[in-house]
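Residues per chain are reported as follows:
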Amino acid sequence: GESVGLHLPTLSVQEGDNSIINCAYSNSASDYFIWYKQESGKGPQFIIDIRSNMDKRQGQRVTVLLNKTVKHLSLQIAATQPGDSAVYFCAEKGAGALTFGSGTRLQVQP
Amino acid sequence: GAGVSQTPSNKVTEKGKYVELRCDPISGHTALYWYRQSLGQGPEFLIYFQGTGAADDSGLPNDRFFAVRPEGSVSTLKIQRTERGDSAVYLCASSRRTSNEQFFGPGTRLTVL
């Protein structure tokens with residue numbers, strides 16, 4: 001079936017550096033692509049979404065890039081902070097529910 | 001304001017037993033979702049309600065799993081004849097009808113011995 005996956009299982013960065021988390025998807029029919037952050041023992045938390053007809057969207061310290069040609073999605077976090085340490089999931093949304101990838105763990109070193 | 005709440009936070013049961021997991025969505029959210037998450041994996045969709053009706057139950061793994069939302073608010077996920085493979089964190093989320101932003105609860109960790 002269709003799937004959403006991630007290239008890197010663990011990413012370690014220094015505090016203050018920029019982080020880039022990547023994701024490959026296979027379902028070209030999805031309307032939206034969404035990034036979620038999940039801290040230990042908590043449910044996923046919405047970060048940012050991008051509609052399938054856009055290629056870039058910016059939020060507060062985060063930017064999502066969508067490359068439909070190669071079916072690639074990335075999340076850029078500027079000036080990474082210790083509080084950004086978590087597992088990050090990309091997800092795609094069609095009519096209702098989300099299809100999640102397996103996640104990337106971001107570790108921020110002080 | 002209050003977020004999505006789930007009870008119990010932890011449930012330990014024996015193989016073959018019946019369990020019920022409860023979700024209280026954010027007030028006014030018409031859409032409610034159930035997901036299941038195994039260790040190291042992303043959440044896996046189970047069922048989605050719009051109001052009282054199940055709009056999509058294609059993620060339920062078999063007929064031992066059933067969910068209801070009789071008044072369009074609280075939902076209960078029911079698992080019959082539990083198996084060890086059912087052990088996971090069961091997540092509930094809710095959203096406004098037209099929103100992409102799903103708000104997740106903290107989950108119920110189910111352990112089947």
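Let us look at the structure shown here. (Residues numbered from 1 in each chain as written. Chains lettered and ligands numbered in written order. Predicted model: local features only at pLDDT ≥ 70, side-chain atom pairs only at ≥ 80, totals over all residues. Heavy atoms only, no water.)

1. Remarks on the interface of chain B and chain A
Condition: Contact definition: two residues touch when any of their heavy atoms are within 4.5 Å. As used here, buried area is the combined drop in accessible area, with a 1.4 Å probe, of two parts when they are placed together. Salt bridge, as used here, is a side-chain nitrogen of Lys or Arg placed within 4 Å of a carboxyl oxygen of Asp or Glu. Between N or O atoms, a polar contact is any pair within 3.5 Å; within protein, one atom must be a potential hydrogen donor and the other a potential acceptor, and residues adjacent in sequence are included only when both atoms are from side chains.
With 17 residues of chain B in contact, the opposing surface of chain A contributes 19 residues. Summing both partners gives a buried area of about 1,300 Å² for chain B against chain A, and 56% of it is carried by carbon and sulfur. Here chain B is connected to chain A by zero salt bridges. The interface formed by chain B and chain A holds four residue pairs in polar contact (both at pLDDT 80 or more) in total.

2. Side note on the pairing of strand β8 (residues 72-77) of chain A
All names here are of chain A. Short version of the rule: Here the rule is simple: two strands pair whenever DSSP picks up at least two bridges between them. Only DSSP runs of H or I with at least four residues qualify as helices, and only runs of E with at least two residues qualify as strands; both kinds are numbered from the N terminus onward.
Where strand β3 (residues 19-25) and β8 come together, six bridges link them in antiparallel fashion. Residue pairing for β8: Cys23 is matched across the bridge by Leu73. Bridging between strand β7 (residues 62-67) and β8 involves six bridges; their strand directions are antiparallel. Bridge pairing in β8 places Leu65 opposite Ser74. Between β7 and β8, which pair antiparallel and follow one another directly, the connecting turn spans four residues, one of which, Lys71, has a positive phi of 55°.

3. Here's the deal with the state of the cysteines
In protein chemistry, a disulfide is the covalent bond that joins the sulfur atoms of two cysteines. Applicable threshold: Throughout, a disulfide means two cysteine sulfur atoms within 2.5 Å of one another. Whether a residue is buried, partly exposed or exposed follows from its accessible area with a 1.4 Å probe, protein chains only, as a fraction of its type maximum: under 20%, in between, or over 50%, in that order.
Enumeration according to the criterion identifies two disulfides over all chains in this entry. Across the disulfide from Cys23 of chain A sits Cys90 of chain A; the S-S distance is 1.9 Å. Around the S-S axis, the bridge from Cys23 of chain A to Cys90 of chain A shows a dihedral of about 55° and counts as right-handed. Placement of the pair is Cys23 of chain A in strand β3 and Cys90 of chain A in strand β9 (residues 86-93), with a sequence separation of 67 residues. Residue Cys23 of chain A is classed as buried on the basis of its relative accessible area of 1%. Paired by a disulfide, Cys23 of chain B and Cys92 of chain B hold their sulfur atoms 1.8 Å apart. In this structure, the disulfide formed by Cys23 of chain B and Cys92 of chain B twists by about -65° around the S-S bond and is classed as left-handed. Here the residue Cys23 of chain B occupies a position in strand β3 (residues 19-24), and Cys92 of chain B occupies one in strand β9 (residues 88-95), the gap between them amounting to 69 residues. The two residues Cys23 of chain B and Cys92 of chain B agree in class, both being buried.

4. Comments concerning the layout of surface pockets
Worth spelling out the cut-off: Buriedness for pockets is judged along seven lines, at least five of which must meet protein on both sides within 12 Å for an open set on the 1 Å grid over protein atoms alone, while cavities are sets there where a 1.4 Å probe fits but cannot get out, and lining residues have an atom within 4 Å of a point. Grid points are joined across faces, edges and corners, and a volume is the space filled by probe spheres set on the points. Side-chain classes are defined by residue name, with Ala, Val, Leu, Ile, Met, Phe, Trp, Tyr, Cys and Pro counting as nonpolar, Asp, Glu, Lys and Arg as charged, and the others, Gly among them, as polar.
For the largest pocket, the calculated volume is near 660 Å³. Together, 32 residues line the largest pocket, and Gln38 and Gly41 of chain A together with Gln37, Leu39 and Gly40 of chain B are the ones closest to its centre. Listed by contribution, the elements that provide at least two residues to the lining of the largest pocket are β9 and β11 (104-109) of chain A together with β9 and β11 (108-112) of chain B. Sorting elements by how many residues they give to the lining of the largest pocket places β11 of chain B first, with four residues. Taken together, the residues that form the lining of the largest pocket break down as ten nonpolar, 18 polar and four charged. Approximately 210 Å³ is the volume attributed to the second largest pocket.

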